[in-house]
Structure formats: C-alpha cells, structure tokens
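Tertiary structure, described
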Amino acid sequence: MAADSVSSTDAKLLKKLGGVGLVMTIIFAISIVIVIVILVKRQILRMLLLSKRGPHSPVGSDAPRSLGRDIAARLQRISQLRMEPRMLSEQFNKPLDGTANFESPSDQYTRSYKYRMKAMDKMTELDDLLCTIDFKYSRKKKQSVRDHLKSLQKSPYSVIRGGDDTINEVSGMYEHARYETKEFGALQYRKFAYLVEQLKDRVRLYVNVPGSLIVAGSSNKPIRKPPSSTKMEPVAAQDADTAATSKMTASGAIKL
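Looking at an unreviewed UniProt entry, one finds the protein chain named Protein C1orf43-like protein, with Acropora cervicornis as its source organism. You can read under Function (unreviewed entry) in the UniProt record for the protein chain the words "General regulator of phagocytosis. Required to uptake Gram negative bacterium by macrophages."

What follows deals with helix H7 (residues 164–178). Helix length check: H7 (15 residues) gives 21 Å between terminal C-alpha atoms against 21 Å at 1.5 Å per residue, within 8%. Within H7 the residues assigned to the buried category are Thr166, Ile167, Val170, Ser171, Met173, Tyr174, His176 and Ala177.

Counting 31 residues, the largest nonpolar core has Met123, Leu149, Val159, Val170, Phe184 and Phe192 as the members making the most contacts within it. Only helix H5 (108–133), helix H6 (145–153), H7 and helix H8 (186–206) provide two or more residues apiece to this core. The element best represented in this core is H8, accounting for nine residues. For Leu149, the contacting residues outside a window of four places in its chain are Met123, Leu126, Ile160, Ile167, Val170, Ser171 and Leu199.

With that settled, the discussion passes to a nonpolar patch on the surface. On the surface, Phe28, Ile32, Ile36, Val40, Ile44, Leu45 and Leu48 cluster together into a nonpolar patch covering about 670 Å² of accessible area. Relative to the assigned elements, Val40 resides in helix H2 (residues 19–51).

Turning to the side chain of His176, a few remarks are in order. Within the secondary structure, His176 sits in helix H7. Side-chain polar atoms of His176 contact the backbone oxygen of Lys182, separated by 3.3 Å. Discounting chain neighbours no more than four positions away, the residues touching His176 are Arg116, Lys182, Glu183, Phe184 and Gln188.

Turning our eyes to something else, we now look at the packing of aromatic side chains. All chains considered together, the criterion is met by two aromatic pairs. Ring centres of Tyr115 and Tyr189 lie 6.1 Å apart, and the angle between their planes is 40°; on these two criteria the pair is classed as tilted. Within this pair, whereas Tyr115 is found in helix H5, its partner Tyr189 is found in helix H8, the two being separated by 74 residues in sequence. Classification of Tyr115 as buried rests on a relative accessible area of 4%. On the numbers, 5.7 Å between centres and 85° between planes, the contact of Tyr137 with Tyr157 is edge-to-face. Pair noted here: Tyr137 is in the loop between H5 and H6 and Tyr157 is in the loop between H6 and H7, with a separation of 20 residues, a long-range link. The exposure class assigned to Tyr157 is partly exposed, which follows from its relative accessible area of 26%.

Attention now goes to the side chain of Glu197. Here Glu197 shows up in helix H8. Of the residues examined, Glu197 reaches a relative accessible area of 15% and is grouped as buried.

Between H6 and H7, whose axes approach to 9 Å, the crossing angle comes to 160°. By the criterion of interaxial angle, the relationship of H6 to H7 is roughly antiparallel. The way H6 lies across H7 gives a crossing that is right-handed. Contacts between H6 and H7 pair Val145, Arg146, Leu149, Lys150 and Gln153 from the former with Asp164, Ile167, Asn168, Val170, Ser171, Gly172, Tyr174 and Glu175 from the latter. When grouped by side-chain class, the residues that make up the contact of H6 with H7 number five nonpolar, four polar and four charged.

Rules used in this analysis
- Residues numbered from 1 in each chain as written.
- Predicted model: local features only at pLDDT ≥ 70, side-chain atom pairs only at ≥ 80, totals over all residues.
- Heavy atoms only, no water.
- UniProt positions renumbered as here; feature names shortened; annotations may be inferred.
- Helix = DSSP H or I, 4+ residues; strand = E, 2+ residues; numbered from the N terminus.
- Expected span 1.5 Å × (residues − 1).
- Buried < 20%, exposed > 50% of the residue type's maximum accessible area, 1.4 Å probe, protein only.
- Core = buried A, V, L, I, M, F, W, Y, C linked by side-chain atoms within 4.5 Å.
- Contact = heavy atoms within 4.5 Å.
- Patch = residues over 30% accessible without salt bridge, like charges linked within 9 Å, V, L, I, M, F, W, Y side chains within 5 Å.
- Areas by Shrake-Rupley, 256 points an atom, 1.4 Å probe, with all protein chains shown as cover.
- Salt bridge = Lys/Arg side-chain N within 4 Å of Asp/Glu carboxyl O.
- Polar contact = N/O pair within 3.5 Å; in protein donor to acceptor, adjacent residues only side chain to side chain.
- Phe/Tyr/Trp six-rings, centres within 6.5 Å; stacked < 30°, edge-to-face > 60°.
- Axes fitted to C-alpha atoms, helices over the stretch in contact; angles between N-to-C directions.
- Parallel < 35°, antiparallel > 145°, perpendicular 65-115°, else oblique.
- Left-handed = near helix turned anticlockwise from the far one by under 90°.
- Nonpolar A, V, L, I, M, F, W, Y, C, P; charged D, E, K, R; others polar.

Encoded structure:
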C-alpha cells in the first residue's frame with residue numbers, strides 16, 4: 001500500500017511538472033547556486049586583498065627559491081622599521097629669515113610641501129635633543145608625537161613640566177603639516193618652529209643637556225620671544241644705545 005501511494009504521488013508530480021519542466025527547474029537551481037558561490041568567493045578575495053599588507057601579486061615569484069626567501073625576509077623587515085630621515089638637505093635648514101630657497105618656486109603647492117618637510121626636520125631637532133640627554137626619552141615605535149610629548153610630562157621621565165597648551169598646539173600643527181591637505185606655508189612654519197624652540201627651552205630648564213652651557217634649574221621660566229618681535233630687537237637695541245649716548249653727552253655738557 002505504501003509503495004502504491006508513493007508511486008502514485010510521484011506519478012502525479014511528474015505529470016504536473018512534466019519531464020522538460022523538471023529538468024529546467026533543476027538546471028536553473030544549480031545555476032543560481034553556482035552564481036552565488038562565485039559572487040561570495042570574489043567578495044571574500046576582494047576583502048582579503050584590501051586588508052592584505054604588501055603587493056597583490058607575489059614579489060620575486062620567478063626568482064630562485066633562495067632569492068625569493070631573501071626578498072620576502074627583507075620586505076618583512078621593512079614593514080617593521082620606524083624611522084624619520086631628514087627630509088631636506090642642509091642648504092634649506094637656514095634661519096627663518098633665509099627663505100629665498102622656498103620662495104623661488106612659482107607654484108605655491110611646491111612651497112607648501114617644502115615647508116611641510118622643513119617642519120618634519122624641525123621636530124627631529126627636538127628628538128635629537130632628547131636622545132642626547134638619554135635614549136630612553138626618544139619616541140617609541142608606532143608612538144605619535146602627541147602621546148610622546150604627553151609621556152615626557154609624567155613620571156618616571158618628567159622632562160617637560162607644564163606647557164600643556166604648547167604641546168597640544170605643536171602636536172596639532174605637526175599633524176597638520178604631515179597629514180592634512182590645508183595650506184602649510186611660511187607663517188605656519190614660523191609659528192611651529194617657535195613652539196618647538198619653546199619645548200626645547202623647557203627641556204633645558206629641568207634637565208642638564210650634555211655640551212650645553214645652560215644649567216638646569218637656573219631659572220623659573222624659559223625666555224623666548226615670539227617670532228613677530230625678533231625683527232624688532234636690533235632696532236630696540238639701537239634706540240637704547242642712542243638714548244644712553246645722548247644721556248652721557250648731556251651729562252658731560254652739564255659738567256662742563
């Protein structure tokens with residue numbers, strides 16, 4: 001009885017769908033499954049390629065096996081290096097008034113990139129000063145400038161005391177010069193260089209720098225005038241000398 005019922009059900013199904021319709025349904029279902037598998041596989045490969053570090057195709061695939069291993073080892077070593085070399089040659093690292101090399105290009109974007117690179121070199125001066133004192137004060141691998149300067153304010157280092165606003169401003173301008181697309185020109189660089197010099201003065205206040213004549217703890221505040229007043233110093237000094245000379249002349253005339 002059961003065999004008769006199953007056979008009658010199958011007979012009704014075959015009669016309803018028909019031989020050609022059943023075959024087409026099976027082929028259509030298999031095609032849909034294959035298309036879904038292909039799309040999922042392509043999406044997975046795409047995500048793997050986007051998240052993969054390095055080239056999409058293997059480097060040195062046609063090279064001998066020993067050379068291929070050497071190339072892979074060197075590429076792996078490069079991904080672990082953290083170094084900020086000097087961006088500009090010594091001819092560009094002049095005082096703030098010597099800006100002829102920066103103003104010569106007619107393209108403002110070229111000048112902006114040069115000031116950005118000069119700002120990177122200016123930040124390296126602070127790193128070199130800290131390394132001169134002790135290597136433990138240097139910036140660690142994968143450590144941002146902001147985190148590094150903040151860590152120098154805390155124990156056990158305590159190299160920079162106070163100056164939270166200066167540190168925040170230096171870190172912001174460094175990120176601006178290195179990452180942001182906004183203009184970074186002569187005015188921004190002068191301000192950044194002035195702030196870096198302030199941080200260097202704070203370091204010299206509390207830590208004895210080898211080869212420096214400044215003794216730590218000799219003063220309470222770092223004395224450094226803003227860039228806008230640097231050009232007025234010779235005029236002010238000349239006025240003071242003129243006033244002193246006139247006073248001496250007047251006193252001599254009175255005595256006579």
